[in-house]
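# Residue-level structure breakdown
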Amino acid sequence: MTIPAGWTARRPTLDDVPAILKVVHAADTFAVGYPDFDAEDVRDALTAPFVDMARDSWLVTDPDGTAVAWSILSNPTGVGREWVDVLVDPDRAADLRAPLLARLLDRVAERAAERGLPALTARTGVYAPETRWAEELVEAGFTRIKRYIRMTRSLADLPAEPAPPAGVTVRLLRADDESDLRLFHRIFDTAFRDTPDYEPVGFDQWREQLPSYGKVWDEWFVAEVDGEPAGALQSSDQALDQDMGWVRTLSVLPAYRRRGVGAALLRRAFAVYAAKGRAEAGLGVDLANPTAPVTLYRSVGLADARWTDMYERSVPAAGV
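It should be emphasised that the depicted structure is a prediction, and the values quoted were computed from it without experimental measurement.

### Some remarks on the UniProt feature "domain: N-acetyltransferase" (unreviewed entry) in the protein
Under the UniProt annotation, the feature "domain: N-acetyltransferase" (unreviewed entry) is placed at residues 7–164 and 168–320. As annotated, residues 7–164 comprises 35% helix and 28% strand, and the C-alpha atoms at either end are separated by 60 Å.

Written out as structure tokens, the structure is:
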């Protein structure tokens with residue numbers, strides 16, 4: 001299917017943020033049961049590094065000028081995979097996902113050529129209710145590759161934080177100390193090197209991305225074992241609108257795994273979230289990650305809340 005006659009597909013501008021947000025809220029409510037984006041998130045997506053609104057995004061309006069669909073590419077690091085998002089008002093524009101996907105894949109092909117690559121990998125996610133979207137992705141050449149689980153726990157019944165194992169200490173990241181930031185990055189980078197999807201990012205580029213996670217520096221922690229760096233926990237403010245503290249990354253160096261470091265970091269983060277009055281704590285788990293400690297997460301009270309399937313396909317460069 002193509003864009004219906006009388007409807008308009010055009011490039012968005014920042015003036016369209018309120019209209020786009022209505023589309024996103026309709027899509028989120030269908031997929032996960034509640035709005036999961038705010039206006040700042042939309043603005044951040046349109047102005048993110050490596051996103052060109054005039055080339056990487058589409059907005060579709062109906063004959064009355066009402067926004068009904070929005071699509072965008074993203075690639076936070078400018079390397080590796082391209083993320084494809086096609087969001088529609090499910091009651092008015094469900095048929096538009098496939099044609100907008102086709103336009104985005106054409107743009108992925110262009111981006112591959114611009115980077116001098118033979119092809120790029122495109123990825124997108126599918127929530128449980130989005131069965132039609134999953135079918136359309138398969139028809140477009142995508143393959144389901146893995147599943148993420150969102151895990152949460154209530155903080156209302158949080159027990160007192162126990163003492164960490166012998167030799168393990170947890171402290172706040174010193175966010176104003178570049179050497180401590182470099183240490184945090186080194187722990188994170190080293191710990192994730194043995195995961196299949198990790199795309200290494202140098203310290204300078206990593207530091208530039210930090211504002212996008214929110215300035216919740218009192219929710220970032222470093223763990224040490226007998227005085228040696230062993231682990232790190234990075235929080236994000238992405239779930240504050242759900243009254244939730246969010247663990248963005250939990251990193252434990254290989255030599256210190258299964259020694260209680262991860263549990264100590266999580267319990268400290270939960271205690272800080274609870275002290276701030278948050279109702280819940282949460283994190284996401286990649287089930288394809290061989291180091292993903294689901295058993296650890298369950299041991300600290302986290303439980304499965306919902307899943308998201310990941311689909312991908314390779315897109316040859318334009319002209320190849």
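### Remarks on the pattern of salt bridges
Using the criterion set out here, one finds 32 salt bridges in the structure. With its nearest N and O atoms 2.2 Å apart, the salt bridge here joins D62 to R92. Remark: R92 occurs in the loop between β4 (82–88) and α4 (97–114) and D62 occurs in the loop between β2 (57–61) and β3 (67–74); sequence separation between them is 30 residues. On the accessibility criterion, R92 (39% relative accessible area) is partly exposed. With a shortest N-O distance of 2.7 Å, R147 and D309 are connected by a salt bridge. Residue R147 is found in strand β6 (residues 143–154), and its partner D309 is found in strand β12 (residues 303–316); the two are separated by 162 residues along the sequence.

### Description of the layout of surface pockets
Using a probe with the size of a water molecule, rolled over the atoms, empty space left in the structure can be pinpointed. Looking at the second largest pocket, its volume works out to about 190 Å³. What lines the second largest pocket is A27, F30, V88, P90, A94, R97, P129, E130, T131, R132, W133 and E136. Among the elements of the structure, α1 (17–32) and α5 (131–139) are those that each provide at least two residues to the lining of the second largest pocket. By residue class, the composition of the lining of the second largest pocket is seven nonpolar, one polar and four charged.

### Looking at the packing of aromatic side chains
Taken as a whole, this structure holds six aromatic pairs when the rule is applied. Measuring from centroid to centroid gives 6.1 Å for F184 and W206, while their planes differ by 25°, and the two rings are stacked. Residue F184 is located in helix α6 (residues 178–192), and its partner W206 is located in helix α7 (residues 203–209); the two are separated by 22 residues in the primary sequence. Residue classification places W206 among the buried positions, given a relative accessible area of 4%.

Cut-offs applied
- Residues numbered from 1 in each chain as written.
- Predicted model: local features only at pLDDT ≥ 70, side-chain atom pairs only at ≥ 80, totals over all residues.
- Heavy atoms only, no water.
- UniProt positions renumbered as here; feature names shortened; annotations may be inferred.
- Helix = DSSP H or I, 4+ residues; strand = E, 2+ residues; numbered from the N terminus.
- Salt bridge = Lys/Arg side-chain N within 4 Å of Asp/Glu carboxyl O.
- Buried < 20%, exposed > 50% of the residue type's maximum accessible area, 1.4 Å probe, protein only.
- 1 Å grid on protein atoms, 1.4 Å probe; cavity = no way out; pocket = protein on both sides within 12 Å on 5 of 7 lines; lining within 4 Å.
- Points joined across faces, edges and corners; volume = space filled by probe spheres on them.
- Nonpolar A, V, L, I, M, F, W, Y, C, P; charged D, E, K, R; others polar.
- Phe/Tyr/Trp six-rings, centres within 6.5 Å; stacked < 30°, edge-to-face > 60°.

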